[in-house]
Amino acid sequence: METGDSENYTLKRVIFANIVIFVWLVLGIYAIWLVVPFLAVAWGIFLALMFLFVMRKSICTKCRYYDGRCSMGWSWYTSKIFKEGNVEDFPGCFGARFAPFLWMSVSLLPVIVLAISMVFEFSILKAVILVLLILIAYIFGNKKSRKKSCSVCRMNDLCPMGIAMVNEGNEKKA
Ligand code: SF4
């Protein structure tokens, strides 16, 4: 049975998850680029800073997976550039509070920008990108898969998402 132990997050799974996230972010940047190029550049820089440094320093340094392998592999990456923090500081830290807004923005901003632009200037390319963005956001935001992942994560007693999902009936694991 799957558990939140690092050895259960295979390298293949971690690489696949990161490829999907990368494609999602790049597709979102490209979607905005089609409509407002300078906004796409600013959005790309913001995402790079948040995903590579700010969120890693803020939350991953305080994670129980630090220096191990979490489902995303970001714990291992974080240990190479930032010192370990205190797990008790995880709840309420900037990263833990900001993460839901960051993911919501990643899911919604490109879709909204593209959808509005299609009202004025429709194209097949925009429609295809819009469908892909909605599909990826749906797969990531799907409650069933979220609950499954959160129920086996070793941070599910501290992470707001984990607490919400586990409280909905999943068995919490230590
Ligand atoms: S489980 Fe989440 S918070 Fe912990 S290291 Fe991985 S990505 Fe960061």
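Everything numeric in this text was worked out from a predicted model, so none of it was measured.

> How would you summarise the site of the ligand if you had to cite specific residues and measurements?
Around the ligand, the neighbouring residues are Ile59, Cys60, Cys63, Tyr65, Cys70, Met72, Trp74, Ser75 and Met155. In the shell around the ligand, the residues fall into eight nonpolar, one polar and no charged.

> Now, about helix 1 (residues 11-33): what can you tell me, with residues and values included?
For helix 1, with 23 residues, the first-to-last C-alpha span of 32 Å sits near the 33 Å given by 1.5 Å per residue. What helix 1 keeps buried is the set Trp24, Gly28, Ile29, Ala31 and Ile32. Looking at the buried positions of helix 1, the neighbouring elements they touch are helix 2 (37-58), helix 4 (94-120) and helix 5 (124-141).

> I'd like a rundown of the nonpolar core, residues and numbers included.
Core analysis: the largest hydrophobic core is formed by 16 residues, its most contacted members being Ile59, Cys63, Cys70, Phe90 and Met155. Residues in contact with Phe90, not counting those within four places in the same chain, are Ile59, Lys62, Cys63, Ala96 and Leu158. Membership of the second largest hydrophobic core comes to seven residues, among which are Ala31, Ile32, Trp43 and Leu114.

> Just give me the short version of the environment of Ala48, but keep the residues and values in it.
In this fold, Ala48 is placed in helix 2. On the basis of neighbour counts, which here come to 13 C-beta atoms within 10 Å, the residue Ala48 falls in the partly exposed class. Considering only alpha carbons, one finds Ala48 and Thr78, 30 residues apart in sequence, at a separation of 14 Å.

So, how was this worked out
- Here the residue numbers are simple positions, counted from 1 along each chain's written sequence.
- Local features in this predicted model are restricted to residues whose pLDDT is 70 or higher, and side-chain atom pairs enter the listing and the counts only when it is 80 or higher, whereas totals over whole chains, interfaces and linings include all residues.
- Residue proximity rests on one test: whether the C-beta atom, placed from the backbone, lies within 6 Å of the molecule or strand.
- Gly is placed with the polar residues, together with every amino acid not listed as nonpolar (Ala, Val, Leu, Ile, Met, Phe, Trp, Tyr, Cys and Pro) or charged (Asp, Glu, Lys and Arg).
- What counts as a helix is a DSSP run of H or I of at least four residues, what counts as a strand is a run of E of at least two, and both are numbered from the N terminus.
- One fewer than the residue count of a helix, multiplied by 1.5 Å, yields its expected span.
- Think of it as a crowd count around each C-beta: if 20 or more other C-beta atoms lie within 10 Å the residue is buried, if 12 or fewer it is exposed, and in between it is partly exposed, with C-beta placed from the backbone throughout.
- We call two residues in contact when their backbone-placed C-beta atoms lie within 7 Å.
- Here, a nonpolar core denotes buried Ala, Val, Leu, Ile, Met, Phe, Trp, Tyr and Cys residues that are linked to one another through C-beta atoms within 7 Å.

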